[in-house]
Amino acid sequence: MTDLPIREELRGKSPYGAPQLDVPVQLNTNENPYPLPEPLVERIAERVREAARGLNRYPDRDAIELRTELAAYLTRTAGHPVALANVWAANGSNEVIQQLLQTFGGPGRTAIGFEPSYSMHALISRGTGTGWISGPRNEDFTIDVAAAERAIAENRPDVVFITSPNNPTGTAVDAETVVALYEAAQAARPSLVVVDEAYVEFSHRPSLLPLIEGRPHMVISRTMSKAFGAAGLRLGYLAASPAVVDAVQLVRLPYHLSAVTQATALAALEHTDTLLGYVEQLKTERDRLVTELRAIGYEVTESDANFVQFGRFPDAHDAWRKILDRGVLVRDNGVPGWLRVTAGTAAENDAFLDAVRELKKESA
Ligand code: PMP
């Protein structure tokens, strides 16, 4: 690649991606461990068959039926009425974020996030030519509001990312903090504030979505990859003011959401209640991981997501390797001293807990 005339800022960089290793227990990418229930698989096949009959035509470019159903889901679950005009969908929330950065970031502009956080915010910024500013967090991984406000005032970013619950720490952000940072961002620029709620269905707290009311520059980003157990589907969406939804149309590729994707997502939305039942089981497993890890003697960051950050290790990568040697793949996100484990099935979590119990004994 070194010989290619690629963009300077991409030279020498590595692509994003967790190792995809063939290991018995895979708890490294925050996936939902439950396969889709068989009646839903049947319904997907039905809807895709129907869509297949029309594949000679381009799909609904505006994904009207899908966005209407996503709006209904949000209205029902997030405690705030949301209409079709407030919702936009794309191939995973990564694409939603990319479209937002193409529209509101770009060359000569900057975005800020509070790290450690979801590393794709920085990487998609780079990919769209947007400058990246790394904002601070407290020792306990909560957002240091005063420091964040200062960073926003000094840097005047065009886009502000707030991830709640945060990946990889699991930390939720309270509504007062989001409002304070929104106000700081409006005073400084005004800028777009993107609240990434990829994991919110697993949270002990309600969604921050009602905050879009009266805040035209606030965006809530969501995904069907986690709570809907459909990471392979590639469906992300956002809720915001209709003006934001209109603005992203300027950069979206025509017909970006295939007819097959739209049909599959619609089928999954018909089975929301069953899928949210799995979320309840995963929340119980997540809480059990927190309790048992602490009982073993690990430090655990409070989690509102479907994963748990645990430590501390003198050498997190060495600990990661030793857990892998016991057949369990967790994630080393590069946060010094800490690793992250995704809540799996009860049996997978037991296997993980056995592995880290042994590791603790070995290092005692
Ligand atoms: N936001 C956060 C915080 C995430 O952790 C992830 C997935 N790891 C995403 C967005 C992207 O998810 P997807 O593109 O599958 O919707």
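Residues numbered from 1 in each chain as written. Predicted model: local features only at pLDDT ≥ 70, side-chain atom pairs only at ≥ 80, totals over all residues.

**Description of the UniProt feature "domain: Aminotransferase class I/classII large" (unreviewed entry) in the protein chain**
Step number 1: In the UniProt entry, the feature "domain: Aminotransferase class I/classII large" (unreviewed entry) is given for residues 25-355.
Step number 2: Annotated as residues 25-355, this span is 42% helix and 15% strand, and its ends, taken at the C-alpha atoms, are 11 Å apart. (UniProt positions renumbered as here; feature names shortened; annotations may be inferred. Helix = DSSP H or I, 4+ residues; strand = E, 2+ residues; numbered from the N terminus.)

**Some details on the sheet that holds strand β7 (residues 218-223)**
Step number 1: The 7 strands are arranged β2-β8-β7-β6-β5-β3-β4 in an open sheet whose pairing can be described as mixed. What marks the edges here is a single partner per strand, and that holds for β2 (87-90) and β4 (131-135). When strand polarity is set aside, the average angle formed by the axes of neighbouring strands in this sheet is 25°.
Step number 2: Looking at chain direction, β2 and strand β8 (residues 236-239) are connected through 4 bridges and run antiparallel. Paired with Ala 89 across the bridge in β8 is Tyr 237.
Step number 3: Strands in contact with helix α5 (residues 145-155) are β3 (110-114), β4 and β5 (159-163); relative to β3, the strand with the most contacts, it is inclined by about 170°. (Pairing = 2+ DSSP bridges. Axes fitted to C-alpha atoms, helices over the stretch in contact; angles between N-to-C directions. Contact = placed C-beta atoms within 7 Å.)

**With respect to the domain arrangement of the protein chain**
Step number 1: Each assigned domain of the protein chain is listed with its residue range as follows: domain 1 (8-37 + 273-363) and domain 2 (38-271).
Step number 2: Placing a centre on the C-alpha atoms of domain 1 and another on those of domain 2 gives a separation of 24 Å.
Step number 3: If you look at the interface, domain 1 gives 29 residues, while domain 2 gives 29 residues.
Step number 4: Taken together, the elements giving at least two residues each to the side of domain 1 that touches domain 2 come down to α9 (272-296) and β10 (307-311).
Step number 5: Per-element accounting of the side of domain 1 that touches domain 2 gives the leading share, 8 residues, to α9.
Step number 6: Grouping the amino acids of the side of domain 1 that touches domain 2 by side-chain chemistry returns 13 nonpolar, 8 polar and 8 charged. (Domains from an automatic or database assignment. Nonpolar A, V, L, I, M, F, W, Y, C, P; charged D, E, K, R; others polar.)

**Topic: unusual backbone geometry**
Step number 1: Here the bond from Glu 115 into Pro 116 is cis, since omega is 10°, no more than 30 degrees from zero.
Step number 2: Secondary-structure assignment places Pro 116 in the loop between β3 and α4 (119-127).
Step number 3: In this model, Ser 164 is joined to Pro 165 through a cis peptide bond whose omega is -10°.
Step number 4: Relative to the helices and strands, Pro 165 resides in the loop between β5 and α6 (175-188).
Step number 5: A positive phi is found at Ala 63, a non-glycine position, where the angle reads about 45°.
Step number 6: Structurally, the position occupied by Ala 63 is in the loop between α1 (38-52) and α2 (64-77).
Step number 7: Notably, Arg 234 is not glycine yet its phi reads approximately 65°, a positive angle.

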